[in-house]
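# What the coordinates show
For reference, the chains in residue letters:
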Amino acid sequence: MKVTRVLLINGPNLNLLGTREPEVYGYETLQDIVDELRSYAVAKDVELSDFQTNSEGDLITKIHEARTTVDGIVLNPGAFTHYSIAIRDAITGVGLPVIETHLSNIHAREPFRDTSVLAPVCLGVVAGFGRNSYFVALDALIRHLGV
Ligand code: DQA
């Protein structure tokens, strides 16, 4: 049986989850969420790897490397969502299915968060469900992959 491999990427400031604006992003740490998501993935025969970076370049390099190592990506790009054409080009360049994922509802916040330059090149977007956004995104991706 072919193992399905999914990469979870979290962008800038998401390493501060748990203490960063908890009323917006919740009280769970990123490690808590990753651990729970990995158990959830294992139960579905999916291998989940994860990566967090505050650097745009490292995020782009990780997307490039993923081209030959995983079947799809769950990506919370943080603030890069709203302006990184370089990340958009990386997503287009590798041709992998990517689900843009946000804890908060970016459409119900400051006007500058309402725009995603990445959404048009992603398979879909999940936003506004807190930690559950990651689980919904993973489900959507693995259903898309036919798992
Ligand atoms: C975020 C939303 C972004 O606007 C913000 O810059 C983040 C987190 C979210 O998960 O809700 O860092 O991606």
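The model shown is predicted, which means the values in this text are computed figures rather than measured ones.

## So, the pattern of salt bridges
- In total, this model carries seven salt bridges according to the counting rule given.
- A salt bridge links Lys44 to Asp139, with the nearest nitrogen and oxygen atoms 3.4 Å apart. Note that Lys44 is positioned in the loop between helix H2 (30–43) and strand E2 (46–52) and Asp139 in helix H5 (residues 132–144), a separation of 95 residues in sequence.
- Take Lys44: its relative accessible area is 32%, and that puts it in the partly exposed class.
- In this structure, a network of salt bridges that share partners links the residues Glu28, Glu36 and Arg131.

## Here we look at the nonpolar core
- Val6 and Tyr134 are the most contacted members of the largest nonpolar core, which has 22 residues in total.
- Listed by contribution, the elements that provide at least two residues to this core are strand E1 (4–10), H2, E2 and H5.
- Sort the elements by how many residues they give to this core and H5 lands first, with six residues.
- Dropping the residues within four chain positions of it, Val6 is found in contact with Val46, Glu47, Leu48, Ser49, Val70, Gly72, Val74, Leu138, Leu141 and Ile142.
- If you look at the next biggest cluster of nonpolar residues, it comprises 19 residues, including Ala66, Ile91, Leu96 and Leu118.

Cut-offs used in this document
- Residues numbered from 1 in each chain as written.
- Predicted model: local features only at pLDDT ≥ 70, side-chain atom pairs only at ≥ 80, totals over all residues.
- Heavy atoms only, no water.
- Salt bridge = Lys/Arg side-chain N within 4 Å of Asp/Glu carboxyl O.
- Helix = DSSP H or I, 4+ residues; strand = E, 2+ residues; numbered from the N terminus.
- Buried < 20%, exposed > 50% of the residue type's maximum accessible area, 1.4 Å probe, protein only.
- Core = buried A, V, L, I, M, F, W, Y, C linked by side-chain atoms within 4.5 Å.
- Contact = heavy atoms within 4.5 Å.

Structural measurements only, silent on function.
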